[in-house]
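Observations on the model geometry
Below are the chains, spelled out letter by letter.
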Amino acid sequence: MRPFCFLALLGASVLVRAHKFDLGKRSGGDCSAMPKGKGPVPSPDSPYAFLNSEELASAANKAPTPSGYKQSFKNLHASTTANGYLGYVALDSYDTTLCASKCDEQESCQAINIFFERNPTLQVGSECPNPPSTTYIKCVFWGDLVTKDNTNNTGYTNNAFLVVAAGSNGYNNQTAKGVEGFASKGLSTPGAALLVVPLLAMILAILP
Ligand SMILES: *[C@@H]1O[C@H](CO)[C@@H](O)[C@H](O)[C@H]1NC(C)=O
Ligand SMILES: *[C@@H]1O[C@H](CO)[C@@H](O)[C@H](O)[C@H]1NC(C)=O
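Since we're looking at a predicted model, the values are computed, not measured.

What counts and what doesn't
For every chain, the first residue of its written sequence is number 1, and the numbers climb from 1 along that sequence. All chains are assigned letters beginning with A, and all ligands numbers beginning with 1, in the order in which they are written. Predicted model: local features are reported for residues with pLDDT of at least 70 only, side-chain atom pairs are reported and counted for 80 or more only, and whole-chain, interface and lining totals are derived from all residues. Think of it this way: any DSSP run of H or I at least four residues long counts as a helix, any run of E at least two long counts as a strand, and we number them from the N terminus. The contact criterion used here is simple: two residues whose C-beta atoms, placed from the backbone, lie within 7 Å are in contact. Whether a residue is buried, exposed or partly exposed follows from its count of other C-beta atoms within 10 Å of its own C-beta, namely 20 or more, 12 or fewer, or something in between, respectively; the C-beta atoms are built from the backbone. A pair of strands counts as paired when DSSP detects no fewer than two bridges linking them. To be clear, the arc concerns the directions from the helix axis to the C-beta atoms. Per-residue confidence from the predictor is reported as pLDDT, a score between 0 and 100.

Let us look at the overall build of the protein chain. Along its length, the protein chain carries five helices and seven strands. In sequence order, the protein chain lays out its α and β elements as α-α-α-β-β-α-β-β-β-β-β-α. A fraction of 84% describes how many contacts in the protein chain between residues 6 or more apart in sequence connect residues 24 or more apart.

With that settled, the discussion passes to the pairing of strand 4 (residues 133-142). The element strand 4 is extensively covered by neighbouring structure, given that ten of its ten residues are classed as buried. Taking every second residue as pointing to the same face, both faces of strand 4 are buried, with S133, T135, I137, C139 and F141 on one and T134, Y136, K138, V140 and W142 on the other. Strand direction decides the pairing type here: strand 2 (residues 85-90) and strand 4, joined by four bridges, are antiparallel. Paired with Y85 across the strands is W142, a residue of strand 4. Bridge analysis of strand 3 (residues 111-120) against strand 4 gives ten bridges, and the strand direction is antiparallel. Within strand 4, the residue paired with R118 across the bridge is T135.

Let us now look at helix 4 (residues 96-104). Buried within helix 4 are the following residues: T96, C99, A100 and C103. Within helix 4, the buried residues cover an arc of 95° as seen down the axis, which keeps them to one side. Those residues of helix 4 hidden inside the fold are in contact with strand 1 (69-76), strand 3, strand 4 and strand 7 (165-173).

Okay, unusual backbone geometry next. The peptide bond linking S43 to P44 adopts the cis configuration, its omega dihedral lying at 0°. Even without being a glycine, N75 presents a positive backbone phi close to 50°. With respect to the secondary-structure elements, N75 resides in strand 1. In this structure N75 comes out as partly exposed when scored by C-beta crowding, with 17 C-beta atoms within 10 Å. The phi torsion at N159 lies on the positive side, around 55°, for a residue other than glycine. Inspection of the secondary structure puts N159 in the loop between strand 5 (156-158) and strand 6 (161-163).

Take the environment of T97 next. For T97, the position within the fold is in helix 4. Sequence separation between T97 and P66 is 31 residues, and the spatial gap between their C-alpha atoms is 4.9 Å.

Let's shift gears to the confidence of the model for the protein chain. Taken over all residues, the pLDDT of the protein chain has a mean of 81, while the share at 70 or more is 72%. Low pLDDT, under 50, characterises residues 1-27; the stretch is placed with three contacts to residues that sit more than four places away or in other chains. Across residues 179-201, where pLDDT falls below 50, the model places 36 contacts with residues more than four positions away in sequence or in other chains.

Each turn of an α-helix holds 3.6 residues, which means side chains three or four residues apart point in the same direction. The complete set of buried residues in helix 3 (residues 54-61) reads L56, A59 and A60. Projected onto a plane normal to the axis of helix 3, the buried residues spread over an arc of 95° and lie on a single side. Seen from the open side of helix 3, the exposed residues pointing more than 90 degrees away from its buried face are E54, E55 and N61. Those residues of helix 3 hidden inside the fold are in contact with strand 1, strand 3 and strand 7.

Okay, here's the thing in structure tokens:
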């Protein structure tokens, strides 16, 4: 009798563990803290306020064009998905000159896309589907020209949290070659795969 009870208990505990593991996988993040960005968080803390923030728009609109670069677009609500993704850095301020100088340090860098990105302060999961936001200032490096046309990543949803971009500016190195002659077509930005629907259009459509 006793060994049977023991085995039954063991079996039950394994089942419970397996069940918990499955639930954990389905719920996504564990609500642990995520790194904070250095950009301003609009009030109220909503995607709508973020997308309509005067402060974010004005930072983008008044940013100087780095010397040796040509401005390609200004203050868009999307990030670039060009060819030749070369990574990004998070900046302490919306500093186009600093972003460009970090591009110049990389031999194949031809262009930069700088923008504010709304990110969750916690690892989003079923227990925290829509946590408060933090604003990253991203400086993304590209091995190909950034244009208004390829700046079409309007964001994605993570549970109920909306990751969106604002104040997105693009600059191309003046000596950059034309679009032809690049063999880096296969590369793409991580997260581009998560772009399912034009979120911005959706958000704007449901607002008065
Ligand atoms: C532009 O690209 C050229 C060639 O890759 C590079 O030498 C230069 O540092 C880049 N930056 C500027 C501002 O010209
Ligand atoms: C965004 O632009 C890139 C580059 O032009 C293109 O490959 C991609 O299909 C576009 N994505 C959407 C959703 O329009």
